[in-house]
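If you want the building blocks of each chain, they are given just below.
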Amino acid sequence: MTQLAPYACQPELSRGRRYKEQEAPAHAPSFRNPHQRDRDRIVHSTAFRRLVYKTQVFLNHEGDLFRTRMTHSLEVAQLGRSIARALNLNEDLVEAIALAHDLGHTPFGHAGQDALNECMAPYGGFEHNLQSLRVVDELEERYPAFNGLNLSFETREGILKHCARRNAELINTQEPNGIAARFLNGTQPSLEAQLCNLADAIAYNAHDIDDGVRSGLLTLEQMQDVSLFARYHAQTLAEYPHLQTQHPNTQGRRVLYETIRRMLSDQVYDVINATRAALQQHAPASADEARQCPPLVQFSAAMYEESKALKSFLFRNLYRHPQVMQTTDGARAMVQELFAVYLAKPQEMPAAYAQRSDVPRAVADYLSGMTDRFATREHARLTA
Ligand code: MG
């Protein structure tokens, strides 16, 4: 890795792990820094493997080529790392946060999420960011001496992207001045964490266009309403006029890919340039000083508007598309019914969950960890 900028999270200055651990075996020098170690722990975790079978937008069984939470997370890591390298930020930390950022997501995408939120409303609520943190802090069972993966402060800080004030206060009592303190004192997370948030949005905006067009729910004509898309679509056709005329099916796909590639590249350069300017203006001399600044990893004002327009286009035309809503309504009902069954009969869950005293939270932990297909099987077993 190239020299880290002074405002990057320096691995040797990590605020460490919740449980003291030796960073390397006694007989060998360490060849991984704490954030590389975090990334490796995430990749080897059970929750990470489950992301393969969790819905991003399209239900997992609807087609083999649609994004899942896994491929989405890999795309976020790829975009994040490219930008991190250009800005001399801590690429390993960005990768760790990106790969872990969706670990707490329920099966069946947004629908499953909304359903579990509603079920848990009387019992302290359910927040997927907080759940991602619970997965790495508590729910993974991989070490003899402690629960969770015992990740470094910086990775956990990045995973906890949002958090309701009530939950922030709760975490802050257990972990004074820890990862939730920023929600109470109004400071920012590390630049690496800020970058992951933006890379997340860049990734899903782009891949949801791809999946949306591939599924036939979005058309290229419709996409002309989105300036960010229309600009590069026109540019691609102007440069490769033969793509417009020959073999509409296969060539149309190349036009789509080239348009998305250019959109991604433009956004990446935009973030790099806008962030460089903000860094120059605020000149943070350390990662902690960067946390005291306003958010610095950002789009230019013009790109921010274009990205917002794309996001709202996708919301209206894809996420709320009647065909998407119809399949997700079924998924929502499945989560609600599963929740009710486990709440009434905790013994239907594995012992580790069934024996917990806070039954609703145990159900939420168990249910949110499920893959789409496991939840479907459980639903068939319990409601037949
Ligand atoms: Mg995401």
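The rules behind the values
Residues numbered from 1 in each chain as written. Predicted model: local features only at pLDDT ≥ 70, side-chain atom pairs only at ≥ 80, totals over all residues. Heavy atoms only, no water. Donors = N, O, S within 2.8 Å, 3.2 Å for Na, K, Ca; no water. Buried < 20%, exposed > 50% of the residue type's maximum accessible area, 1.4 Å probe, protein only. Helix = DSSP H or I, 4+ residues; strand = E, 2+ residues; numbered from the N terminus. Expected span 1.5 Å × (residues − 1). Contact = heavy atoms within 4.5 Å. Polar contact = N/O pair within 3.5 Å; in protein donor to acceptor, adjacent residues only side chain to side chain.

Mind showing me how you'd approach the coordination of the magnesium ion here?
Tetrahedral coordination by four donors sets the ideal angle at the metal to 109.5 degrees; octahedral coordination by six donors sets it to 90 or 180 degrees. Distances from the magnesium ion to its protein donors, namely His-72 (NE2), His-101 (NE2), Asp-102 (OD) and Asp-200 (OD), fall within the range 2.1 to 2.7 Å. Here the donor residues of the magnesium ion are spaced in sequence according to H-x28-H-D-x97-D. Take His-101 and Asp-102: they sit in the same class, and that class is buried.

Whenever I open this one, helix H6 (residues 128–139) confuses me. Can you help?
Residues spaced three or four apart along an α-helix face the same direction, because each turn holds 3.6 residues. With twelve residues, H6 extends just 14 Å between its outermost C-alpha atoms, more than 12% less than the 16 Å of an ideal straight helix rising 1.5 Å per residue. Listed in full, the buried residues belonging to H6 are Asn-129, Leu-130, Gln-131, Ser-132, Leu-133, Val-135, Val-136 and Asp-137. Looking at the packing, one finds that the buried side of H6 touches helix H2 (46–50), helix H4 (91–100), helix H7 (153–159), helix H8 (165–174) and helix H19 (359–369).

Would you explain the environment of Gln-10 in this entry?
Along the polypeptide, Gln-10 turns up in the segment before helix H1 (34–43). Spatially, the C-alpha atoms of Gln-10 and His-35 are 9.6 Å apart, while their sequence positions differ by 25 residues. Contacts of Gln-10, omitting those with residues within four sequence positions, involve Leu-4 and Ala-5. Among the polar contacts listed, one links the side chain of Gln-10 to the backbone oxygen of Ala-8, at a separation of 3.1 Å.

Is there a simple way to explain the environment of Thr-106 in this structure?
Mapping Thr-106 onto the fold places it in the loop between H4 and helix H5 (109–120). Along the chain, Thr-106 and Ser-368 lie 262 residues apart, while their C-alpha atoms are 4.1 Å from each other. What Thr-106 contacts, discounting residues up to four positions off in sequence, is Lys-54, Gly-112, Gln-113, Leu-116, Phe-126 and Ser-368. Reaching out from Thr-106, the side chain makes a polar contact with the backbone nitrogen of Gln-113 at a distance of 3.0 Å.

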